[in-house]
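Chain and residue survey
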Amino acid sequence: MGSATSSMAAKFAFFPPDPPSYNIFVEEPTGKMRISDVHPREDVDVMTINTKKGNEIVALFIKNPSASLTMLYSHGNAADIGQMYHVFSELSVYLGVNLMGYDYSGYGQSSGKPSEQDTYADIEAAYKCLEETYGVKEEDVILYGQSVGSGPTLDLAARLPNLRAVVLHSPILSGLRVMYPVKKTFWFDIYKNIDKMPLVNSPVLVIHGTEDDVVDISHGKQLWELSKDKYEPLWLKGGNHSNLELYPEYLRHLRKFISAVEKLPRHRNLTELSPLKTIDDSKKARSSSGKRDKARWSTGQLREKSRRSTENREKPWSRSSTYSREKSGRKQSVDRSGKARNSTDSDRARNSFDRLGDMVRSVGLCNVDCMKPAAFENFDA
């Protein structure tokens, strides 16, 4: 049954850029692997990693000398790490993190064919590389999943209880739920995030655009509600499926989240400092004071006050001279890396889910009621 599900996902849900946006080559003087069409940097490692499914995927690791945390980024559909290179580079700088990005099997210069199960093996291999090659500890890792990338991200996050944090960017409840308001999980569905979200113990930030016409914002809102350890979500007004990185609020809010999770104890005792216990404690505090914002992260007011006082002193995103000088350059770089993606990502992502829906209808795998178009009147945009 699992192989049948993967086969359906591979045929109907994945759109690797064709042709890939980059090539890889070995630089003769140094013997280092490089990505074509980008300026080589000494702080960027390019590598191939073997997965347990027998594929060889391409990954890059961006080193930030001041970083204490490492982000493992799973990109969206119809993209590869060549298109994401500049976004990865700038996130590493502005968030102060090391960052690993990787291509799924069948994407970019990675071997094999894409499937749901292969993406799970891909992110496992990338995470294992962080541990074994770079000595990164589980409690210092932030998993970041964009759109379809929320699938492998939540699959891994549900199995790693000591992760530092999780970021979900335009995430999906499941592949089928993008098309239809089904009330239960079917065996042929892909990326059953709705079932895995409650298993994640880490702090979770959800970012979603209010005008996303590929994955409705209700997906992000429901996943946020299902998370145990909630951080204030970011609903970007007017944002669509492929342009959230261009909003100033995106970087500001993401940086606040990173600053907050950096202050968490590195070695957390999950029996004493579990998200569930923390939420229970915060509810008691709210009942006594009645002043706590429900949307705020449930790890206490002291951290929030400390974070705000630090921001008032530094204001790194609203008034920083460094940010002001680099803002236009950052936007140009993101525009340059995002131009090809923005012109194709929304259409290809929409087509992938449309084709999944066509497949379900054509073979009679669901009854008439579950084929009715999804309605989202109950959710704010």
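Everything below is about the structure printed above this text.
Below, the structure is looked at part by part. (Residues numbered from 1 in each chain as written. Predicted model: local features only at pLDDT ≥ 70, side-chain atom pairs only at ≥ 80, totals over all residues. Heavy atoms only, no water.)

1. Some thoughts on the packing of aromatic side chains
According to the stated counting rule, one finds ten aromatic pairs in the structure shown. Centroid distance Y120 to Y191: 5.9 Å. Interplanar angle 75 degrees. Geometry classified as edge-to-face. Here Y120 is found in helix α3 (residues 116-134), whereas its partner Y191 is found in the loop between α5 (175-179) and α6 (193-196), with 71 residues between them in sequence. One exposure class covers both Y120 and Y191, and it is buried. (Phe/Tyr/Trp six-rings, centres within 6.5 Å; stacked < 30°, edge-to-face > 60°. Helix = DSSP H or I, 4+ residues; strand = E, 2+ residues; numbered from the N terminus. Buried < 20%, exposed > 50% of the residue type's maximum accessible area, 1.4 Å probe, protein only.)

2. A few points about the pairing of strand β6 (residues 98-102)
Counting buried residues along β6, five of its five residues qualify, which places the element largely inside the surrounding structure. Because side chains alternate across β6, one face comprises the buried residues N98, M100 and Y102, and the other comprises L99 and G101, equally buried. Relative to β6, strand β5 (residues 70-74) runs parallel, the two being bridged by four bridges. From the neighbouring strand, T70 faces β6, where its bridge partner is N98. (Pairing = 2+ DSSP bridges.)

3. Thoughts on helix α2 (residues 81-95)
Along α2, the helix axis deviates most sharply at V87, where the bend reaches about 30 degrees. Most of α2 is tucked away, with 13 of its 15 residues classed as buried. Measuring from the backbone nitrogen of G82 back to the side-chain oxygen at the start of α2 gives 3.1 Å, which picks out D80 as the cap. At the C-terminal side of α2, G96 shows a positive phi close to 70 degrees. (Bend = angle between axes of the 7 residues up to and from the residue. Polar contact = N/O pair within 3.5 Å; in protein donor to acceptor, adjacent residues only side chain to side chain.)

All quantities given are derived from atomic positions and should not be read as evidence of function.
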